[in-house]
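# Structural overview
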Amino acid sequence: MAGYLNTDIKKVTANKFVAMKRQGEKISMLTAYDFTTATIIDGAGIDGILVGDSASNVMAGNADTLPITLDEMIYHARSVARAVRRALVVCDMPFGTYQVSKDLAVANAVRMMKETGVDALKLEGGKEIADTIKHLVDIGIPVIGHLGLTPQSVHKFGGYGVRAKETAEAEKLIADAVALDKAGCFAITLEKVPADLAAEVTKRVSCATIGIGAGHATDGQILVYADMLGLTQGFKPKFLRQYAHLAQQMNDAVQAYITDVKAATFPSVDESY
């Protein structure tokens with residue numbers, strides 16, 4: 001597989017994330033939604049891959065994450081899990097699959113684990129879902145929590161702005177993080193919260209913290225792969241660092257292909273049977 005220098009590949013686990021926190025080793029994560037992309041990202045040596053419900057935006061063109069279904073997430077997660085040899089693979093539970101009742105959450109979580117082959121699941125929310133998370137952990141499903149800007153609650157928040165800037169919300173976020181840690185989460189995603197608050201949460205919990213727009217003091221970082229590779233058009237929030245500009249490179253390649261087809265220079269004699 002491209003990127004690997006040897007065949008002695010040790011799978012990253014949920015316990016490894018916690019160990020990395022204790023050892024002071026930063027955790028790297030990216031999203032992926034398909035086999036080909038996951039193969040490349042895993043081969044590069046990433047620690048974790050999130051099959052995010054951001055697939056609703058990136059892959060399906062929806063305005064938010066709410067429309068994506070359980071079946072669609074299972075399809076994407078299965079495709080990614082097939083590709084990955086080293087990274088911890090985590091799948092988002094989509095909106096409506098775990099908030100209705102604990103029993104429904106367990107049934108959907110078990111189905112996701114059985115049908116996808118992922119290593120863990122991610123749920124948004126704090127103390128209100130801590131009991132559900134504890135039950136999932138108790139039956140053997142590793143869980144990552146998600147606090148701060150929780151995209152499944154975008155209508156409640158009224159947008160995608162920074163969360164927990166005020167004292168009351170910051171105190172609730174800390175309490176939620178402690179509750180998720182106690183419930184058994186091995187990691188918590190902190191999205192678009194003040195860096196000082198993220199640093200405080202990271203100190204308060206024994207599980208790993210993974211930041212996105214939460215400063216550098218978290219135990220790790222995650223970005224949407226399409227954003228950091230410059231595939232996404234017109235999206236450049238403050239927290240995003242672009243490591244490539246693949247949209248322009250793809251455009252140039254497609255235009256070159258069109259030119260060759262129009263000029264009948266592709267395929268050449270050597271490219272014909």
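The coordinates are above.
Figured I'd write up the structure that's included with this text.

Each value, and the rule that gives it
All residue numbers refer to positions counted from 1 along the written sequence of the respective chain. Only residues with pLDDT of at least 70 get local features here, since the model is predicted, and only at 80 or more are side-chain atom pairs given and counted; chain-wide, interface and lining totals rely on the full set of residues. As a rule here, side-chain values come from all non-hydrogen atoms in the structure, and water together with hydrogens is ignored. What counts as a helix is a DSSP run of H or I of at least four residues, what counts as a strand is a run of E of at least two, and both are numbered from the N terminus. Radius of gyration: C-alpha atoms only; globule rule: 2.2 Å multiplied by the number of residues to the exponent 0.38. Contact between two residues is taken to exist if any of their heavy atoms lie within 4.5 Å; hydrogens are not considered. Note that accessible areas follow from Shrake-Rupley with a 1.4 Å probe, and for residues the cover is restricted to the protein chains shown. The sign given to each residue is positive for Lys and Arg and negative for Asp and Glu; His and the chain ends receive no count. For this purpose, a charge sits on NZ of Lys, CZ of Arg, CG of Asp or CD of Glu. In a helix, the anticipated span is given by 1.5 Å times the number of residues less one. Exposure classes here rest on a 1.4 Å probe applied to the protein chains alone. A residue is buried below 20% of its type maximum, exposed above 50%, and partly exposed in between. Whenever Lys or Arg places a side-chain nitrogen within 4 Å of a carboxyl oxygen from Asp or Glu, that contact is recorded as a salt bridge. Note on geometry: axes are C-alpha line fits, over the in-contact stretch for helices, and angles between N-to-C directions span 0 to 180 degrees. For any pair of crossing helices, the crossing counts as left-handed if the nearer helix is rotated counterclockwise from the farther one by less than a right angle, and right-handed if it is rotated clockwise. We call a crossover right-handed when, viewed with the strands running away from us, the connection from the first strand over the helix to the second turns clockwise. Strands are labelled as partners when DSSP assigns at least two bridges between them.

Scanning the chain for helices and strands turns up 11 helices and eight strands. The C-alpha atoms of the chain give 20 Å as radius of gyration, which agrees with the globular expectation for 273 residues (19 Å, within 12%). A principal-axis box enclosing the C-alpha atoms of the chain has dimensions of 65 × 40 × 40 Å. Counted over contacts in the chain with a minimum sequence separation of 6, partners at least 24 positions apart contribute 59%. Summed over its atoms, the accessible surface of the chain is roughly 13900 Å², and 55% of this surface lies on carbon and sulfur atoms. Side-chain charges of the chain comprise 28 positive and 31 negative groups, with the mean position of each set lying 5 Å from the other.

For helix α4 (residues 70-83), with 14 residues, the first-to-last C-alpha span of 20 Å sits near the 20 Å given by 1.5 Å per residue. Among all positions in α4, only L70, M73, I74, H76, A77, S79, V80, A81 and A83 are buried. Where the residues of α4 are buried, they touch α2 (35-43), β2 (48-51), α3 (55-58), β3 (88-92) and α5 (102-116).

Take the pattern of salt bridges next. Within the structure shown, the criterion is met by 11 salt bridges. The salt bridge partner of D219 is K21, with a shortest N-O separation of 2.8 Å. Here D219, found in the loop between β7 (208-212) and β8 (220-223), pairs with K21, found in helix α1 (residues 14-23); they are 198 residues apart in sequence, far enough to count as distant. Close ionic contact of D138 with K134 constitutes a salt bridge, the shortest N to O distance being 2.9 Å. Taken together, the residues D138 and K134, both in helix α6 (residues 130-138) and four residues apart, mark about one turn of the helix.

Where α4 meets α5, the axes come as close as 9 Å, and the angle between the chain directions of the two elements is 35°. Both α4 and α5 take part in a crossing whose hand is right-handed. Contacts between α4 and α5 involve L70, D71, M73, I74, A77, R78 and A81 from the first element and N108, R111, M112, E115 and T116 from the second.

On the secondary structure map, T218 appears in the loop between β7 and β8. According to the relative accessible area criterion, T218 is buried, its value standing at 0%. If near-sequence neighbours (up to four positions away) are discounted, T218 is found in contact with K26, L190, A198, T202, T209 and G211.

Successive residues of a regular strand alternate their side chains across the two faces of the sheet. Counting buried residues in strand β1 (residues 27-31) gives four out of five residues, a clear majority hidden from the surface. What joins β1 to β2 is α2, and the crossover it makes is right-handed.

The eight strands lie next to each other as β1-β2-β3-β4-β5-β6-β7-β8, forming a closed barrel whose pairing is parallel. Each strand axis lies, on average, 25° off the axis of its neighbour in the sheet, ignoring direction. Relative to β8, β7 runs parallel, the two being bridged by two bridges. Its bridge partner being in β8, I210 is matched across the sheet by G220.

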